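# Structural characterization, general
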Amino acid sequence: MELPESIRGFIAERISRYPNKKALLIPALMECQKLFGQVTPEAAQAVASELDLPFAEVQSVISFYTMLNRRPTGEFLIAMCGTWNCEHGGTAALIEHFTKKYGVEPGEVTKDGKFTLLRVECLADCHNAPSSQFYHRGEDFKAYWVNNLTVELFDQVLDEVAAGGPAALRERLVRIEDKANPPDDRRWIWLVTTNSQYPAWVEQAGGEYIVHDAYGRLGDLKQENPQLFAEIQAALKG
Amino acid sequence: MAKGNPILQNGVISEWITPVTTLNNELGIRSLADYKAKARYIPEGSPGGYRSAEKVYKDIDAETIIEQVKAAGIRGKGGAGFPAGLKWSFVPKNHPGPKYLAINADEGEPGTFKDRFILEDCPHRLIEGAMIACKAFGAHDAFCYIRGEFYDAIAILDRAVKEAYAAGILGDKPFGVDYPMHFTVHTGAGAYICGEETSMLSSIMGERGHPRMKPPFPAVEGLWRKPTIINNVETIATVPAVFDAGPDWFTRRGTEKSPGIKLVSVSGCVRNPGWWEVEYGVPISTIIDELAGGLKPGRKLKAVIPGGSSCPLLQPAFADTPFDYESVMKAGSMLGSAAMIVLDDTVDIVKVMHNFSHFYAHESCGKCTPCREGTRWMLMIHERILAGGGSPADLELLKDIVNGIEAKSFCPLGDAAAWPVKSAVNRYAEDYERYFKAAQAEIESTGNPLAEAG
Ligand SMILES: Cc1cc2nc3c(=O)[nH]c(=O)nc-3n(C[C@H](O)[C@H](O)[C@H](O)COP(=O)(O)O)c2cc1C
Ligand code: SF4
Ligand code: FES
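What counts and how
- Residues numbered from 1 in each chain as written.
- Chains lettered and ligands numbered in written order.
- Predicted model: local features only at pLDDT ≥ 70, side-chain atom pairs only at ≥ 80, totals over all residues.
- Heavy atoms only, no water.
- Helix = DSSP H or I, 4+ residues; strand = E, 2+ residues; numbered from the N terminus.
- Buried < 20%, exposed > 50% of the residue type's maximum accessible area, 1.4 Å probe, protein only.
- Near = heavy atom within 4 Å.
- Polar contact = N/O pair within 3.5 Å; in protein donor to acceptor, adjacent residues only side chain to side chain.
- Areas by Shrake-Rupley, 256 points an atom, 1.4 Å probe, with all protein chains shown as cover.
- pLDDT = per-residue confidence, 0-100.
- Contact = heavy atoms within 4.5 Å.
- Axes fitted to C-alpha atoms, helices over the stretch in contact; angles between N-to-C directions.
- Parallel < 35°, antiparallel > 145°, perpendicular 65-115°, else oblique.
- Nonpolar A, V, L, I, M, F, W, Y, C, P; charged D, E, K, R; others polar.
- Core = buried A, V, L, I, M, F, W, Y, C linked by side-chain atoms within 4.5 Å.
- Pairing = 2+ DSSP bridges.

## A few points about the environment of B:Ala407
- When you line up the elements, B:Ala407 lands in the loop between helix 16 (393-405) and helix 17 (412-427).
- B:Ala407 gets classed as exposed once you look at its relative accessible area, which sits at 68%.

## Remarks on the site of ligand 1
All names here are of chain B.
- Contacts to ligand 1 come from 19 residues, most closely from Gly78, Asn104, Asn231, Asn232 and Thr235.
- At a separation of 3.2 Å, an oxygen atom of ligand 1 approaches a polar backbone atom of Lys77.
- A distance of 2.7 Å separates an oxygen atom of ligand 1 from a polar atom in the side chain of Thr235.
- Expressed as a share of its isolated accessible area of 610 Å², the protein-covered part of ligand 1 is 90%.

## Description of the confidence of the model for chain B
Residues and elements named next belong to chain B.
- When pLDDT is averaged along chain B, the result is 91; 93% of the residues meet or exceed 70.
- The low-confidence segment residues 1-26, where pLDDT is below 50, has 95 contacts with residues more than four positions distant or belonging to other chains.
- Our summary of model confidence lists the complex with pTM equal to 0.95 and ipTM equal to 0.96.

## Topic: the packing of helix 14 (residues 349-363) of chain B against helix 18 (residues 429-446) of chain B
All names here are of chain B.
- Between helix 14 and helix 18, whose axes approach to 8 Å, the crossing angle comes to 100°. The pairing of helix 14 with helix 18 is recorded here as roughly perpendicular in orientation. Of helix 18, the residues touching helix 14 (which contributes Ile349, Val350, Lys351 and Met353) are Asp431, Tyr432 and Tyr435.
- The class makeup of the residues in the contact of helix 14 with helix 18 is 5 nonpolar, no polar and 2 charged.

## Brief notes about the nonpolar core
- In this structure, A:Leu29, A:Tyr65, B:Leu223, B:Trp224, B:Leu343, B:Met353 and B:Tyr432 are the most contacted members of the largest nonpolar core, which totals 96 residues.
- Setting aside residues up to four positions removed in sequence, B:Leu223 forms contacts with B:Tyr100, B:Ala102, B:Phe143, B:Leu201, B:Ile204, B:Met205, B:Arg212 and B:Thr228.

## Considering the environment of A:Asn147
- Structurally, A:Asn147 is set in strand 4 (residues 142-147).
- Looking at A:Asn147, its side chain comes within polar contact range of the side chain of A:Asp125, at 2.6 Å.

## Considerations on the sheet that holds strand 4 of chain A
All names here are of chain A.
- An order of 2-1-3-4 is seen for the 4 strands of this open sheet, with the pairing classed as mixed. Looking at which strands have only one partner, the edges of the open sheet turn out to be strand 2 (115-120) and strand 4. Averaged over all adjacent pairs, the angle separating strand axes in this sheet is 20°, with direction ignored.
- Pairing between strand 3 (residues 131-136) and strand 4: 6 bridges, direction antiparallel. Considered in strand 4, the bridge of Gln133 is made with Trp145.

## Some details on the sheet that holds strand 7 (residues 301-305) of chain B
Residues and elements named next belong to chain B.
- Ordered by their spatial adjacency, 4 strands build an open sheet running 6-5-8-7, and the pairing between neighbours is mixed. Each edge of the open sheet carries a strand with a single partner, namely strand 6 (274-279) and strand 7. Each adjacent strand pair in this sheet contributes to an overall mean axis angle of 30°, direction not counted.
- Bridge analysis of strand 5 (residues 261-268) against strand 8 (residues 339-344) gives 4 bridges, and the strand direction is parallel. Of the residues in strand 8, the one forming a bridge with Val266 is Met340.
- The strands touched by helix 12 (residues 284-291) are strand 5, strand 6, strand 7 and strand 8; relative to strand 8, the strand with the most contacts, the crossing angle is about 75°.

Structure follows, in C-alpha cells:
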C-alpha cells in the first residue's frame, strides 16, 4: 500500500524541524490511526518505507502505545475513561450498558460497524467524570468529548449517532445546579453538559434566558447549538 | 493581597481566571489578534500579549533572563517543583548546539487537568514562554509533546504556531531580531510513562517510551544527545509574566520557599469540580470549600490526595495544611501536579487503590522488574480482596511489595505506584480490615471446603 497523500504531506511539512525522519514515527502512526481507526500492517509497512525504518521497529513502537490499534475499530471509536474519578462516576455501568446493548465486548466492533468501545486511562477530564471521547475516523477525523455521562444519556447519544452521524455528538445539557458560593447577586448556576461543567450566570432578556459561561466557551448558543439552547431554556423555566 | 489567599481580588471573575494563561477577564484567547489586544500578564496589568518576548528578544541577555526567573522563584509545575531558572543554568554554555526545549504536555497523572486549558484557551502564552526560555539557554527549537488524546489542544496550538510564524514572531527573525526560533507541536499516542521526562525524549525520537538512565541528565544530553530542557506547560506559561510584572510580583505571593501561583485541578467528591489558580500556601480546605464548592451535603471528608494519584493520601486532620511543596511534604504527602482528588466518607479506599493499581499496572513500561511485576501483584491482590478472598496477611504482603518497588525501580513511576498504596495500608487499614472480616465471616458461615476435603 502507498502511504496516503495526506500523511505524506503531514510528514513533508514537518520533516525540516527534526534531525532525522524517525522522529516523525509516532505522529505519522497517529495520522494512520486517525484515518483508518487502526494501524494495519500495510499502513505500518508504508510508514516504515516512508521513514526508512525497519518494519519490525515500527511494529515494536506500535505495540507500545495504547492509542495505536492493531485491530479494526468501528466508525466511531469510543475511549471511555475508567480511572478513579470516572469509575466513581459510573464507568462500569456505562460499559456494561454498551456490551449488553450491542452484544460485544470492549475492543470489538458492533455488528453495524458503528462503534468500538475501549476502556482507557485518565483523559485529563476528571472534573467531567465519567468522561469519554468519541473519535470519528477518516480524512475529516474529529474527536468529540462526551462526558458527565449517565446511562440514559449515553444510550441516547449512541442511538442518535448511529442514525445521524457525527452531528449528533453536539454538546447536550446534562443538568443545571446552583453554583456553590455564588460570588454576587447575579443568578449563578453550575451548568453541566456533555462537554464540560461551567460556572455561569443567567440573565433574562426578551423572554429568554441568556447564559454567560465563565470559561467563554459556549459562544452564541442560539446560533451554534440551538438544541442545547432550547434544553437550557426548558431547564431554567422548569 | 494577603499571603495565602486564592486569587479572588477581581470578584468571581478571577476565581476561575487563570492568570498564567490569560491574566485577563476574558478566557478563550486563541487567536494572535486577541492575544495581542487583550491578554494581560497579571490581572491588574495592561493588555498586550507578546510584549514580554519582544522585550526579552530585543533587550535582555541570556544570563539576565535566568537571573530574573530565579529571582521570581518559579518552580516546575509538572510534579517535582524543581526551580526552573536553576534547571536552565545547567545547560552547558559553551556547547555548540543545537540545544532544545521540550515542553511536557503529556498531562497523564490521574486527577490532573490544567495544562489542557492553557493549550486550548491561551496557546500564545505558551509560545511566548517557550521563546523566552529558549533564549535563556541558547536553544532555537522548542518541541511541545502533547498527549495524543488532546486533539483539540493539538489543533488549537498548531493554528497558533502557524499564526505566530506568519506574523514573524516565530521564524528566522522574531521581532526583527537575529535569533531564529522554531516551535513544533509533537503528538504522543497514549502512554502515561511518556510524561516522565526521559521517556518523553525517547518518544519524541520515535521510540518506545522507555525511560533512560540519568546521568547524563537531559540538560547535558537529551534529544538526539544534545542539551535539552524539559519543562511542564504551566511552568513555561508562567515565564512571560516575570518580564512584565517583575519577579517581585511572584515573590510577594505564596510562601518563601514556594513563591507565586499554581493552577490546581480539583476532582472527586466536591460539588463544583474544576481548576483554579491559587497562591501557594492557601489551606487545602479553602480550595475544597471555597473554590470547589465543598463536599456534597451530609458528607464528611475521608481523604485528600493533594497532587494526583501518585501521592500519598492525607487524612482529614491535615485538611488545613497550606498548599505549598514544603507543608504538604511535612504533612506526609506531595504537592505533585496539584491535582487534588477529594474523597468523602462514602468512598471505599480499597476500591480506590484497586483502581490506581490497575492504572499503574497498565502504564508500567515494563523495563524494570520491581515495577513491572510489583504493580501487577498489587492489582491482583486488590482484585482478590475485592472478590472476598482477602486475609489480614494481605496488609503485610502489600507493604512487602511496596517495599520491593519503592526506591528500587528504574524510574519514578514505580514510586508513584507504591506510595498511594503504602499510605492506604498504613492510614486506612480499617477499610481493608472490613473486607478481611467479611471474608472470615463468609468462611465461618459456609464452612471451609478445604478443611472438609482434607
Ligand atoms: C511517571 C511520570 C509521569 C509524569 N507525567 C508528567 C506529565 O504528564 N506532565 C508533566 O509536566 N510532568 C510529568 N512528569 C514529571 C516530568 O518527569 C518532569 O519532572 C517535568 O515535566 C519537568 O517539568 P517542570 O520542572 O517544569 O515541572 C512525570 C513524571 C513521572 C515519573
Ligand atoms: S519503574 Fe521501571 S517498569 Fe516502571 S515505568 Fe519506570 S522503567 Fe518502566
Ligand atoms: S479519571 Fe477519568 S478523566 Fe481523569
